[in-house]
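Results of the structural survey
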Amino acid sequence: MTGLSEYSHLISSVYHKLLNPKVLSLPIIESKATCGACIQVPRYENHLKCCTFHPFLPNYLVGKILLEEQESPSFISNVMKHKISNRVYALPIGITAPISYQVDFNKYKDKKFGKNPDWLCPYYNLQNQNCGIWENKGSVCTSFYCESSKGKKGKVFWEKSLNYLSYIEMAFAEEALVNLDFSPRQVSEQLDFLNRKKATREELKQDYLDAKLDQKLWNHYTDKQAFYIKCYEIVKKMERPAVQELMGDLGEKLENDFLKSGAIWSD
């Protein structure tokens, strides 16, 4: 696809034929904050950087990663397989952090972010000290810049980016579930496991789902890896008109807000 700019390289290639070409052609260049040389050191630990965060990965990105790992395995293969086989909050809608992690992060992020090794992202490559899923990272990691070359306007842009990409993530993940016979109620039940600030004692004590609850959430599906790959295939086959319909009025507004804020890169 021609006309792709720096922004297109920050997001997974699955989006390249699905999103508005104007989004993909934004001339985004951030030089102030880079993942290779953290400007927050010594505020952050150099070997942790801003990767003390466990991101949510929507089902279709999990499927894409699993497929790519079949061709070129890395440590990510073991991470994914462990989470899936041990019920470590591998949900049909995607893989999220354990509830205990979410509660702890939301309670202490202002004090411990960038410093707490216990929060280090499971997809972080310790050997290379970089992201192990960079080409398929989620919306939060894509849109996080502690500082921007465009100052306050740049920070606004990345906030709009997060709003837009988060909406897309959930819309696509839910659409995949609908195609795989999950009811609206079943989808809604899974949303309760994302970004939790409170939890029961039981949820805080274990970092995996109860077997009966896991079975209920997964409906009749048992081959979870194949399920995630199927989600990716569903999203991959979508066409731009279907995406526009799926996004609806709210999605269109978020996209317009995002594009307007992106105009600063052309100033």
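An account of the accompanying structure is given in this report. Computed from a prediction, not measured in an experiment: that's the story for all the values here. (Residues numbered from 1 in each chain as written. Predicted model: local features only at pLDDT ≥ 70, side-chain atom pairs only at ≥ 80, totals over all residues. Heavy atoms only, no water.)

**Let's talk about the pattern of salt bridges**
Oppositely charged side chains are able to pair whenever their charged atoms sit close together. A full pass over the atoms with the stated rule returns 8 salt bridges. For Lys64, the salt bridge goes to Glu68, with nearest N and O atoms at 2.5 Å. Of this pair, Lys64 and Glu68 both sit in helix α2 (residues 59-71), 4 residues apart, which is roughly one turn of that helix. In this structure Glu68 comes out as partly exposed when scored by relative accessible area, which is 32%. Between Arg196 and Asp192 there is a salt bridge, with its nearest N and O atoms 3.6 Å apart. For Asp192, a relative accessible area of 46% gives the class partly exposed. What you see here is one network of salt bridges that share partners, running through Arg185, Glu189 and Lys216. (Salt bridge = Lys/Arg side-chain N within 4 Å of Asp/Glu carboxyl O. Helix = DSSP H or I, 4+ residues; strand = E, 2+ residues; numbered from the N terminus. Buried < 20%, exposed > 50% of the residue type's maximum accessible area, 1.4 Å probe, protein only.)

**Looking at the side chain of Ser161**
Position of Ser161 among the secondary structure elements: in helix α6 (residues 151-179). The exposure class of Ser161 is buried, given its relative accessible area of 0%. Look past the residues within four positions of Ser161 in its chain and what remains in contact with it is Tyr7, Ser143 and Phe258. (Contact = heavy atoms within 4.5 Å.)

**Considerations on the side chain of Ser143**
Inspection of the secondary structure assignment puts Ser143 in helix α5 (residues 139-143). For Ser143, the contacting residues outside a window of four places in its chain are Trp158, Ser161, Leu162 and Leu165.

**Notes on helix α3 (residues 75-85)**
Residue pairs three or four apart in sequence face the same way in an α-helix, which turns once every 3.6 residues. Along α3, the residues classified as buried are Ile76, Ser77, Val79, Met80, Lys83 and Ile84. In a view along the axis of α3, the buried residues occupy a sector of 165°, so they form one face of it. More than 90 degrees from the buried face of α3, the exposed residues found are Asn78 and Ser85. Those residues of α3 hidden inside the fold are in contact with β1 (57-58), α2, β2 (90-91), β3 (94-95) and α10 (224-236). Note on α3: the residue one or two positions beyond its end, Arg87, has a positive phi of about 60°. (Arc of directions from axis to C-beta.)

**Points about the nonpolar core**
If you look at the biggest cluster of nonpolar residues, it comprises 71 residues, and the most contacted ones within it are Tyr7, Tyr60 and Phe172. For this core, the secondary-structure elements that each account for two or more residues are α1 (21-24), α2, α3, β2, α4 (99-112), α6, α10 and α11 (240-261). The leading source of residues in this core is α6, at 10 residues. Beyond its immediate chain neighbours, meaning those up to four positions away, Tyr7 contacts Val23, Leu26, Ile28, Phe157, Trp158, Ser161, Leu165 and Phe258. Core analysis: the second largest hydrophobic core is formed by 8 residues, Cys38, Tyr101, Phe105 and Phe113 among them. (Core = buried A, V, L, I, M, F, W, Y, C linked by side-chain atoms within 4.5 Å.)

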